[in-house]
Amino acid sequence: MAGGVILGVALWLRHDNDTKSLLDLKLEGDEAPNTFYIIRVYILIAVGAVMMFVGFLGCYGAIQESQCLLGTFFACLVILFACEVAAGIWGFINKDQISKEMIKFYDTAYDRATLDTLVQEEKKGAKEVLKVFHETLQCCGKGAATAFVGMVFSDICPKTSVQDVITNVNCHDRIRELFSTKLYLIGIAALIVAVIMIFEMIFSMVLCCGIRNNSVY
């Protein structure tokens, strides 16, 4: 059941409308930077799926009172736990990577859309990317210095009132907020999995030892 819950959370994070619409963007052949985020989500998906299989293995081993199956169950949990700890350390070290890469991607589209030397067709593609960012995150511009961006991009900024468009939250802050929230949820899910695994390892060894002691008599 825990594996199923983790798998469900991971699939939701992968296909969430906000993140999916941004991660699937393309700008003149260049895709939005999504490797770091996708890897973390796929790790969570893999852990959830393997937990479901390993959980079935442990449950069947307990019913059959099989030391071999319970020992295999314990070994699988140790491997999973080690992989999760390693992935957690790697993720913590690079936790701001996805936000930085996405901000850089947004800035590239912004600069191309405002560059006078570009042809109209290239500007149109950049503006389409900006429009997705603005509508998805309800933001406009890349910092306090671009507070007037609503006047420049009045056709692709969120459509509320003129005052709201001009003073809206800049997209740098929105991008950081979006991905920090998603990565925070991934961290919580990983922590829950780790705690469950610790208890599973303890109980499987206790049960395995109990079966062995009973078989002596």
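Residues numbered from 1 in each chain as written. Predicted model: local features only at pLDDT ≥ 70, side-chain atom pairs only at ≥ 80, totals over all residues. Heavy atoms only, no water.

1. Details of helix H1 (residues 2-15)
What counts, and what does not: Counting from the N terminus, the helices are DSSP H or I runs at least four residues long and the strands are E runs at least two residues long. Here the expected length of a helix is defined as 1.5 Å per residue gap, with one fewer gap than residues. Burial classes follow relative accessibility: with a 1.4 Å probe on protein chains only, a residue under 20% of its type's maximum area counts as buried, one over 50% as exposed, and anything between as partly exposed. The arc in question is the one traced by the directions running from the helix axis out to the C-beta atoms.
For H1, which comprises 14 residues, the first-to-last C-alpha distance of 20 Å matches the rise-based estimate of 20 Å (1.5 Å per residue) to within 8%. Inspection of H1 places Gly3, Ile6, Leu7, Ala10, Leu13 and Arg14 among the buried residues, and these make up the whole buried set. All buried residues of H1 project into a common sector of 125° when viewed along the axis, lining one side.

2. Some words on the pattern of salt bridges
The following threshold applies: Should a side-chain nitrogen of Lys or Arg be within 4 Å of a carboxyl oxygen of Asp or Glu, the pair is scored as a salt bridge.
Taken as a whole, this structure holds two salt bridges when the rule is applied. We note a salt bridge from arginine 176 to aspartate 173, for which the minimum N-O separation is 3.2 Å. Placement of both arginine 176 and aspartate 173 in helix H9 (residues 171-216) is noted, with a separation of three residues, approximately one turn of the helix. Since its relative accessible area comes to 41%, arginine 176 is described here as partly exposed.

3. Focus: the packing of H1 against helix H3 (residues 35-64)
To keep it simple, the criterion reads: Angles shown run from 0 to 180 degrees and are taken between the N-to-C directions of axes, each axis being a line fitted to C-alpha atoms and, for helices, limited to the stretch in contact. An angle counts as roughly parallel when it lies under 35 degrees, as roughly antiparallel when it exceeds 145, as roughly perpendicular when it falls between 65 and 115, and as oblique in every other case. By convention, the crossing between two helices is left-handed when the near helix turns anticlockwise from the far helix through less than a right angle, and right-handed when the turn is clockwise. Residues count as neighbours in contact if any of their non-hydrogen atoms are within 4.5 Å of one another. The nonpolar class holds Ala, Val, Leu, Ile, Met, Phe, Trp, Tyr, Cys and Pro. Asp, Glu, Lys and Arg form the charged class, and all remaining residues, Gly among them, are polar.
Remark: H1 packs on H3, axes separated minimally by 7 Å, with the N-to-C direction vectors making an angle of 155°. The orientation of H1 relative to H3 falls into the category roughly antiparallel. When you trace H1 past H3, the crossing you get is left-handed. Where H1 abuts H3, its residues Ala2, Gly3, Gly4, Ile6, Leu7, Ala10, Leu11, Leu13 and Arg14 lie against Tyr37, Ile38, Val41, Tyr42, Leu44, Ile45, Gly48, Ala49, Met51 and Met52. Residue classes in the contact of H1 with H3 are distributed as 15 nonpolar, three polar and one charged.

4. Quick notes on the packing of H3 against helix H4 (residues 67-93)
Closest axis-to-axis distance for the H3/H4 pair is 9 Å, and the angle between their directions is 165°. When the interaxial angle is binned, H3 and H4 end up roughly antiparallel. Handedness of the crossing formed by H3 with H4: left-handed. Across the contact of H3 with H4, the residue classes tally to 17 nonpolar, five polar and one charged.

5. Things to note about the nonpolar core
Definition in use: What is meant by a nonpolar core is a set of buried Ala, Val, Leu, Ile, Met, Phe, Trp, Tyr and Cys residues, joined one to another through side-chain atoms within 4.5 Å.
Counting residues in hydrophobic clusters, the biggest one holds 45 residues, and the most contacted among them are Tyr37, Met102, Phe105, Phe133, Ile175 and Phe179. With 10 residues, H9 is the single largest residue contributor to this core. For phenylalanine 133, the contacting residues outside a window of four places in its chain are Leu22, Leu25, Met102, Phe105, Tyr106, Gln138, Cys139 and Ile175.

6. Examining the environment of valine 50
If you trace the backbone, valine 50 turns up in helix H3. Sequence separation between valine 50 and leucine 80 is 30 residues; the distance between their C-alpha atoms is 8.5 Å.

7. Here we look at the UniProt feature "transmembrane region" (unreviewed entry) in the protein chain
The condition is simple: UniProt positions are given in the numbering used here, feature names are shortened, and annotations may be inferred rather than shown by experiment.
The feature "transmembrane region" (unreviewed entry), as annotated in UniProt, sits at residues 41-63, 69-93 and 183-207 in this numbering. Note that residues 183-207 is 100% helix and 0% strand, and that its end C-alpha atoms are spaced 36 Å apart.

8. A closer look at the state of the cysteines
Test applied: When two cysteine sulfur atoms lie within 2.5 Å, the pair is treated as a disulfide.
Counted by the stated rule, this structure contains one disulfide. The disulfide that involves cysteine 139 links it to cysteine 171, with 2.0 Å between the sulfurs. Here cysteine 139 and cysteine 171 share a disulfide; its torsion about the S-S bond, 90°, makes the bridge right-handed. Of this pair, cysteine 139 sits in the loop between helix H6 (120-137) and helix H7 (149-152) while cysteine 171 sits in helix H9, placing them 32 residues apart in sequence. Accessibility assignment for this pair places cysteine 139 and cysteine 171 in one class, buried.

9. As for the side chain of serine 66
When you line up the elements, serine 66 lands in the loop between H3 and H4. For serine 66, a relative accessible area of 19% translates into the label buried. The contact partners of serine 66, leaving out residues within four places of it in the chain, are Gly61 and Ile211.

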